[in-house]
Amino acid sequence: MFRTELILAPVAQQLPPSARVLTLGSCFADSIGTRLAAHKVNVVVNPFGTVFQPLALARLLRATLGEDVDWQQHLVEARGRWQSYDLHGSQGAPTPVELLQDIQQTVRRTGEFLRGADAVLLTLGTAWAYRLRETGELVSNCHKMPAELFNKELLTPDEIINALAETHAYLRRVNPKLRIILTVSPVRHLRDTLPLNAVSKSVLRVACHYLSELLPEVSYFPAYELLMDDLRDYRFYAADMLHPSEVAEDYVWEKFARTYFDADFGRFRKEWAGLSQALGHRPLNAAAPEHRQFLVATRERLERLSRQRVNVAAELREVDERLATLPVPADVVAPEPELDSEERVDIGRDETAEISTPTEAAASADGALATNSERHARLSPEEFRAQRSGRNNRPERGQREEHNADSKPEHPIADAAAHAAMANLAVPFEAFDDSVVETSPAVEEAELDPTKKKKRRSRGGAKRTARKNAARLAAGGDDEVLASAEPDETAEGPQRFPATHSRKPAGRASSPNRCP
């Protein structure tokens, strides 16, 4: 369906979010006023109830600013309560005195608000009016009294223009900055029949046109045209097919807010939409810690708005009440690490591992331990022998050395004699180390050849041979020892020889250098 949208130009001076607005008139004034209040605008919505007739509306406005009105002559007892012909049926009391007191308080409060208001929204409902036959005065509401008490008549545009122009002058004299917004209610009055409803709306529309053209600070908002011409479909009406649906009211409200309020109010509406959704959230598990965090964050947002002079006291109380009902969160205590007697090594990324044992600490202090790069480097036999000989004459460490150190000596008497003889020797014990034993070129060639299998030499056998030679030397002299030097039958691996002899690889029995 083809649809033409009305384009509304914003007014020259738009209202800020802190504006004070009074809405009076038909039920459309209730719709706009409710939405203004929901967006935290300082608004008073229909303090006298719904008022459809324009002349009665003008009279109530003048009464709030001090015009004398005899409220007592329009009191009537209807439907078990005392009510007034000048007010809506919602304004009633059990006794006439209480009703008069309520009316006077409402008039006083509305007048105080109106003196400092920024805008007044007047929604005209119908041009049909009822005149009380007894007094000849127009009434605002018949309160379902018998029809013979009233005369029905159609107001003219001039009567409406004159009444509202007089009220405009009264208001501007008290509050010079006051702005008046006129609108015609889009709700049809079927009691007047559709043709007479069209006549009534036409009279109201003509009066609003002249008032907005002639009077300063008076504008017209086309709520009637938005619903009849812009939306113009029954899907935008409620179930009674008379009142606009919620979608239509939101649409008209959006147009109203963009026309009469500035950009700051538009930004606030977006922020408040998210806060309203957060306030309406209901969790599946209210005791969850995430829900508490959500409420705390929502409260912080409300406090920020409160510092901007937005009235959010009711919302803050609601959040505080919901927080008070939540269980108190238990303090989470981190478990302490268990202490044990096991030593641990703290290994860094680029630093040398910490040494945890005394033996390793001493070795590190002497410079005997190699770095990681030295451990993984492959050394030739010559380099290995040179490195071993340069270790400050320290004996090599290893499993065999530890085993030999822990094991018992085979000949305790000979060992004791050897130690005693070695104390008197001029030649040091290191002279018998296998590191100084000369090897034949064939042996070196065999060690350098990777294809040939090398036999492991026993360091323990060489030491035992050295001890035996030292014992014999102490017992019989150097010549006997050198002459009777024989290979150790108990040694593992290749045999050890004195420094004056050379040895060849195992398996060559015909070698002349092999010992008998």
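Just so it is clear, the model here is predicted, and its values are computed rather than measured.

> I keep staring at the sheet that holds strand E5 (residues 92-93) and nothing clicks. Help me out?
Within a sheet, each strand pairs with its neighbour through backbone hydrogen bonds, oriented either parallel or antiparallel. Across the sheet, three strands lie side by side as E3-E4-E5; this open sheet has antiparallel pairing. The strands lining the two open edges of the sheet, one partner per strand, are strand E3 (75-78) and E5. In this sheet, E5 lies alongside strand E4 (residues 81-84) in antiparallel orientation, the contact comprising two bridges. Each residue of the ladder has a partner; that of Gln-83, found in E5, is Gly-92.

> So what exactly am I meant to see when it comes to the pairing of strand E10 (residues 179-184) here?
Put simply, side chains in a regular strand alternate between the two faces of the sheet. When you tally the buried positions in E10, you get six out of six residues, the bulk of the element. Alternating positions in E10 separate into two faces, Arg-179, Ile-181 and Thr-183 on one and Ile-180, Leu-182 and Val-184 on the other, with burial throughout. Examined bridge by bridge, strand E6 (residues 119-124) and E10 share six bridges and lie parallel to one another. Residue pairing across strands places Leu-121 opposite Ile-181, the latter belonging to E10. Judged from the three bridges that link them, E10 and strand E11 (residues 218-220) form a sheet pairing that is parallel. Note that in E11 the partner of Ile-181 across the bridge is Ser-219. Tracing the backbone out of E10, into helix H5 (residues 193-214) and back to the parallel element E11 gives a crossover that is right-handed.

> Explain a nonpolar patch on the surface here, please?
Side chains of Leu-154, Leu-196 and Val-199 sit close together on the surface and give an oily, nonpolar patch of about 190 Å² of accessible area. Within the secondary structure, Leu-196 sits in helix H5. Its relative accessible area of 33% is what places Leu-196 among the partly exposed residues.

> Explain the pairing of strand E1 (residues 20-25) to me, please; I cannot follow it from the model alone.
Most of E1 sits out of view: five of its six residues are buried. Here E1 runs beside strand E2 (residues 42-45); their pairing, made up of four bridges, is parallel. Within E2, the residue paired with Leu-22 across the bridge is Val-44. Relative to E6, E1 runs parallel, the two sharing five bridges. Residue pairing for E6: Leu-24 is matched across the bridge by Leu-122.

> What exactly am I supposed to notice about the packing of helix H8 (residues 263-279) against helix H9 (residues 289-307) here?
Between two packed helices, both the angle of their axes relative to each other and the distance between the axes serve to describe the pair. In contact at an axis separation of 11 Å, H8 and H9 are set at 145 degrees when each is read in the N-to-C sense. Crossing geometry of H8 relative to H9 is assigned as left-handed. Counting all contacts with H8, which are made through Phe-268, Glu-271, Trp-272, Gly-274, Leu-275, Ala-278 and Leu-279, the residues of H9 involved are Phe-294, Thr-298, Arg-301, Leu-302, Arg-304 and Leu-305. Here the contact of H8 with H9 is built from residues that sort into eight nonpolar, two polar and three charged.

> Help me out: how do you make sense of helix H4 (residues 157-174) in this one?
Structurally, the α-helix is built with 3.6 residues per turn, so residues lying three or four positions apart point the same way. Across its 18 residues, H4 extends 26 Å between first and last C-alpha, which sits within 8% of the 26 Å expected from 1.5 Å per residue. Residues of H4 that are buried: Ile-160, Ile-161, Ala-163, Leu-164, Thr-167, His-168 and Leu-171. Looking at the packing, one finds that the buried side of H4 touches helix H2 (54-64), helix H3 (96-115), E6, E10, H5 and E11.

> I tried to follow the packing of aromatic side chains on my own but got confused; where do I start?
Where two aromatic rings form a pair, the distance of their centres and the angle of their planes describe that pair. Inspection of the entire model under this criterion finds 10 aromatic pairs. When the centroid spacing of 5.2 Å and the interplanar angle of 85 degrees are considered together, the rings of Phe-221 and Phe-256 count as edge-to-face. On the criterion of sequence distance, the pair formed by Phe-221 in the loop between E11 and helix H6 (223-231) and Phe-256 in helix H7 (residues 246-260) is long-range, its members being 35 residues apart. Each member of the pair Phe-221 and Phe-256 is classed as buried. Note on Phe-265 and Phe-268: the rings are 6.5 Å apart at their centroids and 35 degrees apart in plane angle, and the pair reads as tilted.

> What's the story with the confidence of the model for the chain in this structure? I'm lost.
In low-pLDDT regions, the fine details of the predicted coordinates are not to be read closely. On average, residues of the chain score 76 in pLDDT, and 67% of them reach the 70 mark or higher. Segment residues 478-516: pLDDT under 50, and 54 contacts once partners within four positions in sequence are set aside and those in other chains are kept.

> Hey, could you run me through the sheet that holds strand E8 (residues 138-139) in this one?
If you trace the three strands from one edge of the open sheet to the other, you get E8-E7-E9, paired in antiparallel fashion. Of all the strands in the sheet, just E8 and strand E9 (150-154) have a single pairing partner and so form its edges. Inspection of the sheet shows strand E7 (residues 128-132) paired to E9 by five bridges, in the antiparallel sense. The residue bridging Tyr-130 from the neighbouring strand is Lys-152, located in E9.

> Please explain unusual backbone geometry as it appears in this structure.
Glycine aside, the phi torsion of most residues is negative, and most peptide linkages are trans. Despite not being glycine, Asn-46 shows a phi value in the positive range, around 40 degrees. Within the element layout of this structure, Asn-46 appears in the loop between E2 and H2. The phi dihedral of Arg-232 is positive, around 35 degrees, even though this residue is not glycine. The residue Arg-232 is located in the loop between H6 and H7 in this model.

> Even after reading the chapter, I still don't get the nonpolar core, so can you show me in this structure?
Side chains of a nonpolar character, in soluble globular proteins, are inclined to be buried together. Residues Trp-71, Leu-114, Leu-122 and Leu-182 are the most contacted members of the largest nonpolar core, which totals 47 residues. When contributions to this core are tallied by element, the ones reaching two or more residues are E1, H2, H3, E6, H4, E10, H5 and E11. Non-local contacts of Leu-122, meaning those with residues more than four positions away in its chain, are made with Leu-24, Leu-57, Leu-61, Leu-164, Ile-180, Ile-181, Leu-182 and Thr-183. Core analysis: the second largest hydrophobic core is formed by 41 residues, Val-41, Ala-248, Val-252 and Leu-275 among them.

> I tried to follow the pattern of salt bridges on my own but got confused; where do I start?
Close approach of charged atoms lets side chains of opposite charge pair. Using the criterion set out here, one finds 19 salt bridges in the structure. Of the charged contacts in the structure, one is a salt bridge between Arg-35 and Glu-249, with a shortest N-O distance of 3.4 Å. You can see Arg-35 sitting in helix H1 (residues 27-38) and its partner Glu-249 sitting in helix H7, a full 214 residues away along the chain. A relative accessible area of 14% places Arg-35 in the buried class. Judged by relative accessible area, which is 22%, Glu-249 ranks as partly exposed. Residues joined in a network through salt bridges with shared partners are Arg-35, Glu-249 and Asp-250.

Calculation criteria
Residues numbered from 1 in each chain as written. Predicted model: local features only at pLDDT ≥ 70, side-chain atom pairs only at ≥ 80, totals over all residues. Heavy atoms only, no water. Pairing = 2+ DSSP bridges. Helix = DSSP H or I, 4+ residues; strand = E, 2+ residues; numbered from the N terminus. Buried < 20%, exposed > 50% of the residue type's maximum accessible area, 1.4 Å probe, protein only. Right-handed = clockwise from strand over helix to strand, strands pointing away. Patch = residues over 30% accessible without salt bridge, like charges linked within 9 Å, V, L, I, M, F, W, Y side chains within 5 Å. Areas by Shrake-Rupley, 256 points an atom, 1.4 Å probe, with all protein chains shown as cover. Salt bridge = Lys/Arg side-chain N within 4 Å of Asp/Glu carboxyl O. Axes fitted to C-alpha atoms, helices over the stretch in contact; angles between N-to-C directions. Left-handed = near helix turned anticlockwise from the far one by under 90°. Contact = heavy atoms within 4.5 Å. Nonpolar A, V, L, I, M, F, W, Y, C, P; charged D, E, K, R; others polar. Expected span 1.5 Å × (residues − 1). Phe/Tyr/Trp six-rings, centres within 6.5 Å; stacked < 30°, edge-to-face > 60°. pLDDT = per-residue confidence, 0-100. Core = buried A, V, L, I, M, F, W, Y, C linked by side-chain atoms within 4.5 Å.

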